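# Descriptive structure summary
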Amino acid sequence: MSLDRVEYNPHEEGTPDRPYGFVYHITIHNDSPRVVTIRGRKWVVTNSDTNAKLVIEGDGVVGECPRLTPGTQFHYQSYHLIASDSVAEGAYLGQVEDGERVFTRIPAFKMEVPTN
């Protein structure tokens, strides 16, 4: 799994309590010899100022449960809305064809609010 890039996107719709939108681009690689289906993900976004945590969990990624054969990859983009500088990290939850569950960590990455 690799994080291709994270970028501030002022055009993402924010809310008064989380006005800054960040788009992230991720590629999930299957470097194993087995077929893996991504069944879910969990993100933990930690606000750098208050240390408050926002936990996001759900099925698949971007509405899909991609099935990755050995050597293939799945690319997607999504976004987080934040109030101030934050760090995101988490995991993808997968399942191989025999039913065994596997997970891959999402390494921590920073989202820094631009200063004017």
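Conventions used here
- Residues numbered from 1 in each chain as written.
- Predicted model: local features only at pLDDT ≥ 70, side-chain atom pairs only at ≥ 80, totals over all residues.
- Heavy atoms only, no water.
- Phe/Tyr/Trp six-rings, centres within 6.5 Å; stacked < 30°, edge-to-face > 60°.
- Helix = DSSP H or I, 4+ residues; strand = E, 2+ residues; numbered from the N terminus.
- Buried < 20%, exposed > 50% of the residue type's maximum accessible area, 1.4 Å probe, protein only.
- Pairing = 2+ DSSP bridges.

### Let's talk about the packing of aromatic side chains
Scanning all chains against the criterion turns up 8 aromatic pairs. With a centroid separation of 5.9 Å and an interplanar angle of 45°, the aromatic rings of Tyr24 and Phe109 are classed as tilted. Here Tyr24 is found in strand E2 (residues 20-29), whereas its partner Phe109 is found in strand E8 (residues 101-111), with 85 residues between them in sequence. An identical accessibility class is assigned to Tyr24 and Phe109; each is buried.

### Some points on the pairing of strand E7 (residues 86-96)
The two faces of the sheet receive side chains in turn, since in a regular strand these alternate between them. Two strands pair when backbone bridges link them, and strand E3 (residues 36-47) and E7 are joined in this way by 11 bridges, in the antiparallel orientation. Bridge pairing links Asn47 to Ser86 in E7. Pairing of E7 with E8 involves 9 bridges; the strand directions are antiparallel. Its bridge partner being in E8, Ser86 is matched across the sheet by Met111. Joining the antiparallel neighbours E7 and E8 is a turn of 4 residues, in which Gly99 adopts a positive phi near 100°.

What is shown is where atoms sit, not what they do.
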